[in-house]
Amino acid sequence: MDPWGGRSDIQRKVVRAVGDPEDRFQEDPLRLLRAVRISAELGFQIEKSTLKELSRMAGLISATAVERIREEVMKILLCPKPSPAFYLMVRTGLLKEILPELLEGYRKRQNELHRFTTFRHIMETVDLTKPEPVLRLTALLHDVAKPRVRQRERGRFRFIGHEK
């Protein structure tokens, strides 16, 4: 017996809330982040109505204990390729709620020495780092301060002191 169609969802590689997504996310807002994590771990897509409610309700995550959020973020960081989860968090508004400092680098150009924006550079680094907790967390945060210290000097962006 499969009253919620779980087998079909697994075959189609879909993450779907059981029943009404709004009810599920209100019951436990950590499910917002957990859906993103499961999607990243398994390489699944989040079903359309579940994703819509996830985006609409992203602000609820702030009512969740930071320890629970940290555990989900660490699980995301240990996925084979964490960047899709972080891009999904950008799209849904979750990143703004849980790691707004990281979001500051989204679409922020660096200088001619860097091919990618600050955010994309961080994502590429995380994906290429060995999946060990301390290493991946270090990769995630290594340039997080760049947007706050970014200055244009003689037509070139500089990031003096970002390491501090």
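Read on for an overview of the structure. (Residues numbered from 1 in each chain as written. Predicted model: local features only at pLDDT ≥ 70, side-chain atom pairs only at ≥ 80, totals over all residues. Heavy atoms only, no water.)

A word on the overall build of the chain. When you go through the chain residue by residue, the secondary structure sums to 11 helices and 4 strands. When contacts within the chain are restricted to residue pairs at least 6 apart in sequence, those whose partners lie at least 24 apart make up 61%. Here the chain has roughly 9800 Å² of accessible surface; of this, 53% comes from carbon and sulfur atoms. (Helix = DSSP H or I, 4+ residues; strand = E, 2+ residues; numbered from the N terminus. Contact = heavy atoms within 4.5 Å. Areas by Shrake-Rupley, 256 points an atom, 1.4 Å probe, with all protein chains shown as cover.)

Before going further, it helps to spend a moment on helix α4 (residues 48-56). Every buried residue belonging to α4 is among T50, L51, E53 and L54, and all of these are buried. Along the axis of α4, the buried positions cluster into a sector of 165 degrees, meaning they face one direction only. Summarising the geometry of α4, the exposed residues directed more than 90 degrees from the buried face are K48, K52 and R56. Where the residues of α4 are buried, they touch β1 (14-15), α2 (21-27), α3 (30-42), β2 (45-46), α6 (83-92) and α7 (94-98). (Buried < 20%, exposed > 50% of the residue type's maximum accessible area, 1.4 Å probe, protein only. Arc of directions from axis to C-beta.)

As a further point, take unusual backbone geometry. Even without being a glycine, K13 presents a positive backbone phi close to 55 degrees. By secondary structure assignment, the location of K13 is in the loop between α1 (6-11) and β1. The class of K13 is partly exposed, set by a relative accessible area of 46%.

These figures capture arrangement, not role.
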